[in-house]
Amino acid sequence: MEHPVISGTAHDASGTAFTVVAISNTPTTDWAEVFRALANTDLTPQGSAAPGAAPGPGDAAPDSGSPGPASSGPPRLSMTPPSVLHLNAYLVYAVGKAARRRLTERLTSHNLRLWHLTVMAMVADLGPQMKTVLAARLDMNLSDLAKIVKDLVQTGHLDCARDPGNRRRVLVRLTPEGRTFLDRLNADIAATDDEVLAPLCPREREVLATLLRRVHRHLERNPAGVVHAPVRDAEPLADPGSDEDGRIDWTRPAEDVARFVEARRPLCPNAFTHHGGRRLDVLAARVSRGRYSGEPGLVLHGEDEGVVVVTGADRSGRARPGLVLQRLRPEGGGETAADEYIAAGDSSLLDLP
């Protein structure tokens, strides 16, 4: 008995293609009904051979890519269910997925992955660090971090050097070539923002960024309200006259930090830290009258002193003088009063760099 044969492709309602090769001992088999029963969906045969006949010249072989009935299918009908567009969590997921795909494509063009960018950015923002500290800050497996660092050392973007203050420690640091490359990379990646945020005007983009940072701070496990405070295991290796010369170490006593800010005032760079993801120049500050406890770099609001940053490395938890911020200059902005830039109760300005 001759068995009817069908071969070709089928498409479901979303346009997804299926390769079909089937045989039946019933000449009048309803193949569409068979597909529905097997796949629990509506599949429509496209370009299939007639029952009992071999494929003819006009029936393209599966995946052949040649024109003809077999390669033509219904237009893609995939879409997002309208009801989930009212779920903010879904929107954040969907937009983030699309943005990540575009960002990955940008990085791939530079032979990099997202972890390469993240590691370089962390070292650029917080200065040279031991691998153990860097891995902890990035919540990254130490062996995985070592591989990423090795990649970046081989490309000349990072290097590893002994800490002059403690020869037993090796610090990962950004090379001058790496800093130049990172600047170019960030400029290139900025085009991704333009693609994703194309429907928004500049003011809308600024508002969106502010709101996203606020949500990120809410979900971020790291303590909020901490300005950059390099740990002792990650002290900068600074060449004379380098940008690192102006970085504030909040683990120093308040008196030392206040003298440092004053000494850097006529110099370039000024004393600086990172706050809210942005570089922040500290132009004027004084030692607080009161005593404060907490992690070095924690931003507080003294009742009669204004914006106070906890200083010192007292591990006993005892209160000590802090630094009262008076005049600041945020990155890309003008000089301003500290209590205007970091308003009391405005948690949207408090986060890690």
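Everything below is about the structure printed above this text.
An account of the accompanying structure is given in this report.

**Some words on the packing of helix H2 (residues 88-108) against helix H6 (residues 176-196)**
Here's step 1: Direction vectors running N to C along H2 and H6 enclose 145 degrees, while the axes themselves pass 10 Å from each other. Of the two elements, H2 crosses H6, and the hand of that crossing is right-handed. On the side of H2, the interface is formed by Val95, Ala99, Arg102, Leu103, Arg106 and Leu107, while H6 contributes Leu185, Asp188, Ile189, Ala191, Thr192, Glu195 and Val196.
Here's step 2: Classifying every residue of the contact of H2 with H6 by side-chain character gives eight nonpolar, one polar and four charged.

**Let's talk about the nonpolar core**
Here's step 1: Ranked by size, the top nonpolar core spans 25 residues in total, and within it Val119, Met120, Leu145 and Leu185 carry the most contacts.
Here's step 2: The leading source of residues in this core is helix H3 (residues 114-126), at seven residues.
Here's step 3: Residues contacting Met120, with those up to four places away along its chain left out, are Leu112, Leu152, His157, Leu174, Phe181, Leu182 and Leu185.
Here's step 4: Counting residues in each nonpolar core, the second largest holds 18 residues, with Val257, Leu280, Leu328 and Ala338 among its members.

**So, the packing of aromatic side chains**
Here's step 1: This model, assessed by the stated rule, comprises one aromatic pair.
Here's step 2: Pairing Tyr90 with Tyr93 gives two aromatic rings, centres 6.0 Å apart and planes at 55 degrees, and the pair type is tilted. On the criterion of helical spacing, the pair formed by Tyr90 and Tyr93 is a turn pair, its members being three residues apart in helix H2.
Here's step 3: By relative accessible area, which is 28% here, Tyr90 ends up partly exposed.

**Here's the deal with the pattern of salt bridges**
Here's step 1: Tallied over the full model, the rule gives 13 salt bridges.
Here's step 2: The partner of Arg279 in a salt bridge is Asp281, with the nearest N and O atoms 3.4 Å apart. In this pair, the class of Arg279 matches that of Asp281, namely buried.
Here's step 3: Connected via shared salt-bridge partners are Arg102, Arg106, Asp188 and Glu195.

The rules we used
- Residues numbered from 1 in each chain as written.
- Predicted model: local features only at pLDDT ≥ 70, side-chain atom pairs only at ≥ 80, totals over all residues.
- Heavy atoms only, no water.
- Axes fitted to C-alpha atoms, helices over the stretch in contact; angles between N-to-C directions.
- Helix = DSSP H or I, 4+ residues; strand = E, 2+ residues; numbered from the N terminus.
- Left-handed = near helix turned anticlockwise from the far one by under 90°.
- Contact = heavy atoms within 4.5 Å.
- Nonpolar A, V, L, I, M, F, W, Y, C, P; charged D, E, K, R; others polar.
- Core = buried A, V, L, I, M, F, W, Y, C linked by side-chain atoms within 4.5 Å.
- Buried < 20%, exposed > 50% of the residue type's maximum accessible area, 1.4 Å probe, protein only.
- Phe/Tyr/Trp six-rings, centres within 6.5 Å; stacked < 30°, edge-to-face > 60°.
- Salt bridge = Lys/Arg side-chain N within 4 Å of Asp/Glu carboxyl O.

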